Amino acid sequence: MGNYLLILLGIVLALSGPYIVYRTWVDVQKKRQSKEGVTLQQWASHALNLVIAALFLFAGVLFVVNNLRGNELS
């Protein structure tokens, strides 16, 4: 049962990575269309969001692969 929960967690993590990228992209497009533009601090925040998204995607794939092999974490 534990493996199934961890596989589900991995799927959620793997799907949240592209969602974070999408939301970051939408925010950048909104800022570009506004009068103020995107500041340096916002670019740093967007870059950090992309790093987090990549880590979530990588961790999710590893969770799924590891638990499909039957290697429980606990």
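Residues numbered from 1 in each chain as written. Predicted model: local features only at pLDDT ≥ 70, side-chain atom pairs only at ≥ 80, totals over all residues. Heavy atoms only, no water.

Draft legend 1. Structural context of helix α1 (residues 2-33). For α1, which comprises 32 residues, the first-to-last C-alpha distance of 47 Å matches the rise-based estimate of 46 Å (1.5 Å per residue) to within 8%. Restricting attention to buried positions, one finds in α1 the residues N3, L6, I7, G10, L13, A14, S16, G17, I20, T24 and V28. In this structure, the buried side of α1 is in contact with α2 (40-68). (Helix = DSSP H or I, 4+ residues; strand = E, 2+ residues; numbered from the N terminus. Expected span 1.5 Å × (residues − 1). Buried < 20%, exposed > 50% of the residue type's maximum accessible area, 1.4 Å probe, protein only. Contact = heavy atoms within 4.5 Å.)

Draft legend 2. Spatial organisation of the environment of L5. In this structure, L5 sits in helix α1. Measuring from C-alpha to C-alpha, the distance between L5 and N67 comes to 9.4 Å, with 62 residues separating the pair along the chain.

Draft legend 3. Quick peek at the packing of α1 against α2. As a packed pair, α1 and α2 sit with axes 7 Å apart at the nearest point and diverge in direction by 160°. Judged on the interaxial angle alone, α2 and α1 are roughly antiparallel. Every pair of crossing elements has a handedness; the one defined by α1 and α2 is left-handed. Partitioned by chemical class, the residues of the contact of α1 with α2 number 21 nonpolar, 10 polar and three charged. (Axes fitted to C-alpha atoms, helices over the stretch in contact; angles between N-to-C directions. Parallel < 35°, antiparallel > 145°, perpendicular 65-115°, else oblique. Left-handed = near helix turned anticlockwise from the far one by under 90°. Nonpolar A, V, L, I, M, F, W, Y, C, P; charged D, E, K, R; others polar.)

Draft legend 4. Region of interest: the side chain of H46. Secondary-structure assignment places H46 in helix α2. A polar contact is formed between the side chain of H46 and the side chain of D27, at a distance of 3.4 Å. Those residues in contact with H46 that lie beyond four places of it in its chain are T24, D27, V28 and V38. (Polar contact = N/O pair within 3.5 Å; in protein donor to acceptor, adjacent residues only side chain to side chain.)

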